[in-house]
Amino acid sequence: MRKVSNMAASASGKVTGSGHVSVSGPKATVEIKAFREGSVIPKKATESAAGYDLCAWAKDSFEETFLIPPHTVMVVPTGLNVNIPNGYEIQIRPRSGMAAKHCVTVLNTPGTIDAGFRGEIACILINHDAKESISFKKGDRIAQLVIQQVEKAEFIEVEELPGSGRGSGGFGSTGVA
């Protein structure tokens, strides 16, 4: 029987022995402005979380709630603006617990916020539940914000593309199981 040791390789390939992987490199700095009273600056639920929780903003008190009826889409404001560095984007993603427990998700997932956008961050939520409305109040966590580096690409127009194993087979062409 092999024993697994509590060691991990870092991005540089060094084994640290601590069980933690460390990555040194550029860290994106994103400027954020809470321009509405009571807006919540996104934060991670845990240190290892990939996403920062986004919270709903409503125009009155923390007691004000708003409903998303069954099979309905609602744009939910956050009261936040951001300055994203060039070469990065912010993705708005669903919260898994909201999807699993309440059938609510981000409609255009992941929603992309480009570096040049300076408007209010808002989440397009949809309630997929057939019978129940869902209510939110100011400060409730509604989505996740993930900062992602964007690769630059150059498109080159060609007369023909090389062949591939898949070819032009579309949806489901490689099997369904």
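Just so we're clear, the structure is a prediction, and the values are computed from it rather than from any experiment.

### Topic: the sheet that holds strand β9 (residues 122-127)
Now for step 1: Overall, antiparallel pairing links the three strands, which are arranged β4-β9-β7 in an open sheet. With one partner strand each, in any of the chains shown, β4 (72-77) and β7 (104-106) form the two edges of the open sheet. Averaged over all pairs of adjacent strands, the angle between their axes in this sheet comes to 30°, without regard to strand direction.
Now for step 2: Bridge count between β7 and β9: three bridges; the pairing is antiparallel. Residue pairing in the sheet places Val-104 in a bridge with Asn-127 of β9.

### Topic: the pairing of strand β3 (residues 65-68)
Now for step 1: Of the two faces of β3, only one is covered, namely that formed by Phe-66 and Ile-68; the face formed by Thr-65 and Leu-67 stays uncovered.
Now for step 2: Summarising the sheet, β3 and strand β10 (residues 134-137) pair through four bridges and their orientation is antiparallel. Residue pairing across strands places Phe-66 opposite Phe-136, the latter belonging to β10.

### A short note on the pattern of salt bridges
Now for step 1: Counted under the stated rule, the structure contains three salt bridges.
Now for step 2: One salt bridge in this structure joins Asp-53 and Arg-95, with 3.6 Å as the shortest N-O distance. Taken together, the residues Asp-53 in strand β2 (residues 52-55) and Arg-95 in the loop between β6 (88-93) and α1 (96-102) connect sequence positions 42 residues apart.
Now for step 3: Taking relative accessible area as the criterion, Arg-95 reaches 18% and is therefore assigned buried.
Now for step 4: Arg-141 is paired through a salt bridge with Asp-53; the nearest N and O atoms lie 3.1 Å apart. You can see Arg-141 sitting in strand β11 (residues 141-149) and its partner Asp-53 sitting in strand β2, a full 88 residues away along the chain.

About the thresholds
Residues numbered from 1 in each chain as written. Predicted model: local features only at pLDDT ≥ 70, side-chain atom pairs only at ≥ 80, totals over all residues. Heavy atoms only, no water. Pairing = 2+ DSSP bridges. Helix = DSSP H or I, 4+ residues; strand = E, 2+ residues; numbered from the N terminus. Axes fitted to C-alpha atoms, helices over the stretch in contact; angles between N-to-C directions. Buried < 20%, exposed > 50% of the residue type's maximum accessible area, 1.4 Å probe, protein only. Salt bridge = Lys/Arg side-chain N within 4 Å of Asp/Glu carboxyl O.

In short, shape yes, function no, at least from these values alone.
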